[in-house]
Amino acid sequence: LNIDVENTLDRWKHKAGASWLRTVNDDVTSADRWELRGESQYSLTERSYLLGSLRYEDDRFTDFDYQATAAGGYGYRFIMTETTKLEGQIGPGFRQAKRRATGEKEENMIGRGAMNFEHKLTGTTLIYDRLLVESGSDNTFVQNALGMEVKINDSFALGLDYTLRHNSDVLPGTDKTDQVVTANLVYGF
């Protein structure tokens, strides 16, 4: 389940989202993660903006009980056409995380970067790639989502998404990288 909303008012754009992933097969749970995220942008020019972002993640299948980040920064829209959009963001932030095994809390400064790409292949087909990097002295979190959406009508689309999620600092015996493939029904209003 993934929900994203966006509102633009004058020079401000606000985005909020939530996602939940749970996989159970024969009473065995192999994924259980939820995330809340938000971002506000203040346009400086048509292409550039200042931003503030928040992200909170709880994933039962990582070494972390949770990871919470707050960041500020600068964003730039490199390409802004009807068919193609490319924007990048960079800035400093702060992350707090809690280790599942020890209960130890980690707090450190991070560098946050994001890159968002969209391209309309046809009037009904969109491909996208969304990259997020949050890097600090304790851990580097990288998430990349590559996907495609095909419109069924004005409100609904079918989506296919391949996401890689990587934490650089994990306990021995724990995978650093997760791969998630989802098929989605997308509703826009």
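Going by the structure above, here's the rest.
All figures in this text were calculated on a predicted structure; none of them were measured in a lab.

Undergrad: Hey, could you run me through the packing of aromatic side chains in this one?
TA: Geometrically, a pair of aromatic rings is defined through the distance of the ring centres and the angle of the planes. Inspection of every chain in the model, using the stated rule, returns five aromatic pairs. A ring pair is formed by Trp 12 and Tyr 42, whose centres lie 5.0 Å apart and whose planes are at 55 degrees; its orientation type is tilted. Of this pair, Trp 12 sits in strand S2 (residues 12-25) while Tyr 42 sits in strand S3 (residues 28-43), and the two are 30 residues apart along the sequence. For Trp 12, a relative accessible area of 39% puts it in the partly exposed group. A centroid spacing of 5.1 Å and a plane angle of 65 degrees characterise the contact between Tyr 76 and Phe 78, whose relative ring orientation is edge-to-face. For Phe 78, a relative accessible area of 45% translates into the label partly exposed.

Undergrad: What am I meant to see in the environment of Phe 117 here?
TA: With respect to the helices and strands, Phe 117 occurs in strand S7 (residues 105-120). Using a relative accessible area of 28% as the deciding quantity, one classes Phe 117 as partly exposed. A sequence separation of 86 residues divides Phe 117 from Ala 31, and the C-alpha atoms of the two residues are 27 Å apart. Residue contacts for Phe 117: discarding those within four places in its chain leaves Thr 84, Lys 85, Leu 86, Ile 127, Tyr 128 and Asp 129.

The rules we used
- Residues numbered from 1 in each chain as written.
- Predicted model: local features only at pLDDT ≥ 70, side-chain atom pairs only at ≥ 80, totals over all residues.
- Heavy atoms only, no water.
- Phe/Tyr/Trp six-rings, centres within 6.5 Å; stacked < 30°, edge-to-face > 60°.
- Helix = DSSP H or I, 4+ residues; strand = E, 2+ residues; numbered from the N terminus.
- Buried < 20%, exposed > 50% of the residue type's maximum accessible area, 1.4 Å probe, protein only.
- Contact = heavy atoms within 4.5 Å.

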